[in-house]
Amino acid sequence: NKEKDTGQEQLSGMRVASLSEGDEGEIILDTTPFYAEMGGEVGDTGVIETPDAAAQVVNTKAPEKGLTSHYVKVTRGTLVEGESATASVDALRRAQVARNHTATHILHASLRKVLGDHVKQAGSYVGPDRLRFDFTHFEGVTSEQLAEVERVANEQIMNAMPMNIYETSLDEARASGVTALFGEKYGEKVRVVEAGEFSRELCGGCHVANTAEIGFLKVVSESSVAANTRRIEAVTSFGALEYVNKIEAELRAAADGLHVAMFEVADRAAANAQAL
């Protein structure tokens with residue numbers, strides 16, 4: 001797959017023998033450490049290199065089962081079909097994605113613990129910067145319930161639970177009470193992801209080795225997206241720290257403007273509103 005913006009050559013969807021500097025296309029490797037986008041988790045990025053060339057991997061997808069396609073832009077030299085290459089995943093980005101993915105499992109279990117066993121996952125997005133979790137629920141989540149969900153989730157994260165990931169038969173997994181996604185098609189062999197005794201789900205994605213790696217989880221928003229379906233947006237780790245720091249900076253700015261201590265902003269704002 002090769003495209004050029006000059007208009008002189010359009011080979012999108014066609015197999016080519018090489019990609020040169022500036023070209024964009026897809027590369028297939030016989031083996032790869034890259035995780036392809038699936039199940040709500042974004043695909044890996046990184047670099048594919050040979051002694052004479054290099055390409056930036058901007059996304060990884062699986063157009064069909066068993067096939068991993070690396071979407072690349074060549075940054076140096078020419079990559080030629082059939083030659084050996086070194087594939088390197090962006091480890092920091094992968095780690096951030098893994099933190100957020102494990103956090104969705106813990107969030108799911110926390111929602112079920114606080115709101116009830118009727119809660120089921122209805123969709124998700126897991127990226128390096130944030131996570132989104134859609135779930136079935138028949139009414140709005142109160143601020144008190146949301147605070148308790150966040151507390152329970154962070155308690156589990158800070159318990160530093162080791163993750164246990166293994167393969168078993170689908171029948172054995174179901175018999176043991178593992179959470180499966182409604183409508184998802186599973187083979188005879190499935191991959192189970194356990195966070196201690198708190199969360200057990202069928203999942204093929206990337207996860208941390210220990211929940212403590214998540215740091216902490218901060219809920220950013222909760223809203224309705226469809227009938228009986230709610231959505232939580234959240235951040236973890238460095239993203240959570242950045243979010244909290246942003247709130248603190250905003251609060252400090254407001255406190256300076258009102259000439260009060262940081263935790264007196266609400267009282268002063270209320271007093272000013274009454275005086276108007």
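Residues numbered from 1 in each chain as written. Predicted model: local features only at pLDDT ≥ 70, side-chain atom pairs only at ≥ 80, totals over all residues. Heavy atoms only, no water.

## Re the sheet that holds strand β14 (residues 199-202)
No. 1: On the basis of which strands lie adjacent, the open sheet formed by three strands has the order β12-β13-β14 and antiparallel pairing. Of all the strands in the sheet, just β12 (163-169) and β14 have a single pairing partner and so form its edges. For this sheet, the mean inter-axis angle between neighbouring strands, taken without regard to orientation, is 25 degrees.
No. 2: Strands β12, β13 (189-195) and β14 of the sheet are contacted by helix α1 (residues 91-115), whose axis makes an angle of about 115 degrees with β14. (Pairing = 2+ DSSP bridges. Helix = DSSP H or I, 4+ residues; strand = E, 2+ residues; numbered from the N terminus. Axes fitted to C-alpha atoms, helices over the stretch in contact; angles between N-to-C directions. Contact = heavy atoms within 4.5 Å.)

## Description of helix α4 (residues 237-258)
No. 1: For α4, which comprises 22 residues, the first-to-last C-alpha distance of 32 Å matches the rise-based estimate of 32 Å (1.5 Å per residue) to within 8%.
No. 2: Taken together, the buried residues of α4 touch α1, β15 (217-226), β16 (229-236) and α5 (265-275).
No. 3: Downstream of α4 by a residue or two, H259 has a phi angle that is positive, lying close to 60 degrees. (Expected span 1.5 Å × (residues − 1).)

## Some remarks on the packing of aromatic side chains
No. 1: All told, the structure shown has one aromatic pair when counted by the stated rule.
No. 2: Pairing F133 with F135 gives two aromatic rings, centres 6.3 Å apart and planes at 20 degrees, and the pair type is stacked.
No. 3: On the basis of relative accessibility, which here comes to 0%, the residue F133 falls in the buried class.
No. 4: The ring of Y71 is capped by K61, whose NZ or CZ atom sits 5.6 Å from the centre of that ring. (Phe/Tyr/Trp six-rings, centres within 6.5 Å; stacked < 30°, edge-to-face > 60°. Buried < 20%, exposed > 50% of the residue type's maximum accessible area, 1.4 Å probe, protein only. Lys NZ or Arg CZ within 6 Å of the ring centre and 35° of its normal.)

## As for the side chain of T211
No. 1: Position of T211 among the secondary structure elements: in the loop between β14 and β15.
No. 2: Residue class for T211 comes out buried when judged on its relative accessible area of 0%.
No. 3: In this structure, T211 is in contact with I106, Q156, I157, A160, M161, M163 and A195, ignoring residues within four places of it in sequence.

## Observations concerning the pattern of salt bridges
No. 1: All chains considered together, the criterion is met by 11 salt bridges.
No. 2: A salt bridge links E81 to R15; the nearest nitrogen and oxygen atoms lie 2.2 Å apart. You can see E81 sitting in the loop between β8 (78-80) and β9 (86-89) and its partner R15 sitting in the loop between β2 (10-11) and β3 (18-20), a full 66 residues away along the chain.
No. 3: Using a relative accessible area of 44% as the deciding quantity, one classes E81 as partly exposed.
No. 4: R15 gets classed as exposed once you look at its relative accessible area, which sits at 71%.
No. 5: Linking E222 and R230 is a salt bridge whose minimum nitrogen-to-oxygen distance equals 2.6 Å.
No. 6: Bridged by salt links that share partners, the residues E148, R151 and E155 form one connected network. (Salt bridge = Lys/Arg side-chain N within 4 Å of Asp/Glu carboxyl O.)

## Considering the pairing of strand β7 (residues 67-76)
No. 1: Of the strand pairs in this sheet, strand β4 (residues 24-27) and β7 are connected by four bridges, and their pairing is antiparallel. Directly across from E24, in β7, lies its bridge partner K73.
No. 2: Where strand β6 (residues 53-64) and β7 come together, eight bridges link them in antiparallel fashion. Looking at the pairing, E64 lines up with L67 of β7.
No. 3: Joining the antiparallel neighbours β6 and β7 is a turn of two residues, in which G66 adopts a positive phi near 85 degrees.

## Some words on the packing of α1 against helix α2 (residues 143-158)
No. 1: Packing of α1 against α2 brings their axes to within 9 Å, and their N-to-C directions diverge by 130 degrees. The orientation of α1 with respect to α2, classified from their angle, is oblique. The chirality of how α1 crosses α2 is right-handed. Contacts between α1 and α2 involve I106, L107, S110, L111, K113, V114 and L115 from the first element and Q145, E148, V149, V152, A153, Q156 and I157 from the second. (Parallel < 35°, antiparallel > 145°, perpendicular 65-115°, else oblique. Left-handed = near helix turned anticlockwise from the far one by under 90°.)

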